[in-house]
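This is what each chain is made of:
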Amino acid sequence: NAGVTQTPKFQVLKTGQSMTLQCAQDMNHNSMYWYRQDPGMGLRLIYYSASEGTTDKGEVPNGYNVSRLNKREFSLRLESAAPSQTSVYFCASSEVGLGYTFGSGTRLTVV
Amino acid sequence: DAKTTQPTSMDCAEGRAANLPCNHSTISGNEYVYWYRQIHSQGPQYIIHGLKNNETNEMASLIITEDRKSSTLILPHATLRDTAVYYCIVRVTNAGNNRKLIWGLGTSLAVNP
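Keep in mind that this is a model prediction, so the values were computed, not measured. (Residues numbered from 1 in each chain as written. Chains lettered and ligands numbered in written order. Predicted model: local features only at pLDDT ≥ 70, side-chain atom pairs only at ≥ 80, totals over all residues. Heavy atoms only, no water.)

Trainee: For the interface of chain A and chain B, give the residues involved together with the corresponding values.
Mentor: It is common to give the size of an interface as the accessible area that goes away when the parts come together. At the interface, 22 residues of chain A touch 17 residues of chain B. Between chain A and chain B, roughly 1,500 Å² of surface is buried when both sides are summed, and carbon and sulfur atoms account for 51% of that area. Taken as a group, Leu43(A), Tyr100(A) and Phe102(A) account for 32% of the area that chain A buries against chain B, more than any other trio of residues on that side. Joining chain A to chain B, the criterion identifies zero salt bridges. Our enumeration of links across chain A and chain B arrives at three residue pairs in polar contact (both at pLDDT 80 or more). Broken down by secondary-structure element, the contributors of at least two residues to the side of chain A that touches chain B are strand S4 (31-37), strand S5 (44-49) and strand S9 (87-94) of chain A. (Contact = heavy atoms within 4.5 Å. Buried area = accessible area lost by both parts, 1.4 Å probe. Salt bridge = Lys/Arg side-chain N within 4 Å of Asp/Glu carboxyl O. Polar contact = N/O pair within 3.5 Å; in protein donor to acceptor, adjacent residues only side chain to side chain. Helix = DSSP H or I, 4+ residues; strand = E, 2+ residues; numbered from the N terminus.)

Trainee: An account of the pairing of strand S9 (residues 107-112) of chain B is needed here, citing residue identities and associated values.
Mentor: All names here are of chain B. Burial along S9 is one-sided: Thr107, Leu109 and Val111 are buried, and none of Ser108, Ala110 and Asn112, which face the opposite way, are. Alignment of strand S1 (residues 9-13) against S9, held across five bridges, turns out to be parallel. Paired with Cys12 across the bridge in S9 is Val111. (Buried < 20%, exposed > 50% of the residue type's maximum accessible area, 1.4 Å probe, protein only. Pairing = 2+ DSSP bridges.)

Trainee: Break down the environment of Glu79(A) for me, with residues and values.
Mentor: Residue and element names in this part refer to chain A. With respect to the helices and strands, Glu79 occurs in the loop between strand S8 (74-78) and S9. Sequence separation between Glu79 and Lys57 is 22 residues; the distance between their C-alpha atoms is 16 Å. Setting aside residues no more than four positions away along its own chain, Glu79 makes contact with Gly16, Gln17, Ser18, Gly63 and Asn65. Separated by 3.1 Å, the side chains of Glu79 and Arg77 make a polar contact.

Trainee: Describe in detail the sheet that holds strand S6 (residues 61-64) of chain B, supporting the description with residues and values.
Mentor: Residue and element names in this part refer to chain B. One open sheet holds the four strands; their spatial order is S2-S7-S6-S5, and the pairing between them is antiparallel. The open sheet has two edge strands, strand S2 (18-23) and strand S5 (55-56), and neither has a second partner. Note that S2 and strand S7 (residues 70-75) share six bridges and pair antiparallel. Each bridged residue has a counterpart across the sheet, and for Leu20 the counterpart in S7 is Leu73.

Trainee: Before we move on, could you go through the environment of Ser49(A) and cite the residues and values that matter?
Mentor: Residues and elements named next belong to chain A. Inspection of the secondary structure puts Ser49 in strand S5. Taking the C-alpha atoms as reference points, Ser49 and Leu13, separated by 36 residues in sequence, lie 26 Å from one another. Setting aside residues up to four positions removed in sequence, Ser49 forms contacts with Asn30, Ser31, Met32, Thr54, Thr55, Arg68 and Phe74. At 2.5 Å, the side chain of Ser49 forms a polar contact with the backbone oxygen of Thr54.

Trainee: So, the packing of aromatic side chains: which residues are in play, and what are the values?
Mentor: Residues and elements named next belong to chain B. Under the defined criterion, the tally for this structure stands at 16 aromatic pairs over all chains. Ring plane angle 55° and centroid distance 6.5 Å describe the contact between Tyr32 and Tyr34, whose orientation is recorded as tilted. Taking relative accessible area as the criterion, Tyr32 reaches 26% and is therefore assigned partly exposed. With a centroid separation of 5.8 Å and an interplanar angle of 70°, the aromatic rings of Tyr36 and Tyr46 are classed as edge-to-face. Remark: Tyr46 occurs in strand S4 (residues 45-50) and Tyr36 occurs in strand S3 (residues 31-38); sequence separation between them is ten residues. Taking the relative accessible area as the measure of exposure, Tyr46 reaches 26% and is therefore partly exposed. (Phe/Tyr/Trp six-rings, centres within 6.5 Å; stacked < 30°, edge-to-face > 60°.)

Trainee: Account for the layout of surface pockets, naming residues and giving values.
Mentor: Taken as a whole, the second largest pocket encloses approximately 210 Å³ of empty space. As for the second largest pocket, its lining consists of Tyr100(A), Thr101(A), Phe102(A), Gly103(A), Ser104(A), Arg37(B), Ile39(B), Gln42(B), Gly43(B), Pro44(B), Gln45(B) and Tyr46(B). Among the secondary structure elements, those contributing two or more residues to the lining of the second largest pocket are strand S10 (101-102) of chain A together with S4 of chain B. Along the lines of polarity and charge, the residues of the lining of the second largest pocket split into five nonpolar, six polar and one charged. (1 Å grid on protein atoms, 1.4 Å probe; cavity = no way out; pocket = protein on both sides within 12 Å on 5 of 7 lines; lining within 4 Å. Points joined across faces, edges and corners; volume = space filled by probe spheres on them. Nonpolar A, V, L, I, M, F, W, Y, C, P; charged D, E, K, R; others polar.)

Trainee: Which residues make up the nonpolar core, and what values do they have?
Mentor: Formed by 21 residues in total, the largest nonpolar core has its most connected members in Trp35(B), Leu73(B), Tyr86(B) and Leu109(B). Of the residues forming this core, the biggest block, four residues, is contributed by strand S8 (residues 84-92) of chain B. One finds Leu13(A), Met19(A), Tyr47(A) and Val110(A) within the second-largest nonpolar core, a separate group that totals 19 residues. (Core = buried A, V, L, I, M, F, W, Y, C linked by side-chain atoms within 4.5 Å.)

Everything listed here is a matter of coordinates, which is why it stays silent on function.
Below, the structure is given as structure tokens:
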């Protein structure tokens, strides 16, 4: 079982460039999430999708947009990347009563 | 949402039990305690969760005090591969509100040979 798959694993962007981080899960989970993790800080929720067709803001949504393309896929888009968005990004999925399953992360550097 | 307090770091000898404490003194009656771990920048891995009763699975045991203000994660026979950062998290269980996991900095557990 693949679980949660994130692409790409690494990315370097120039300030102002845009990109989309992809996430897919094969566990038929209803809820999906995007987190960022910075040194010395805990994971912070960017956006989440409680079910297909719905998305909501988390703690730090500014500068990001998301799309819940279908039940399997939840993408995160940076329209105009800034150095402050340099981080490790994790996608996760969950179902009621279960713990979250995380992907292996995308390491993004904005120069 | 309830916050958690964990020691910054702990050490444990290989083969011994690792007992990781967590304080959550402001926890509400419907809030679950979840434990995750993160090994060397990999994605966090779910370990166990509980509400009131003690829980055990193939990875660990979770002991929750009767007043629910603290809990302990027990790895019964720690191995070198258990070296990781362990996060104790309190999560609200209201329908449609299961997204508010507040992640602290966790406990960095070092299992030594």
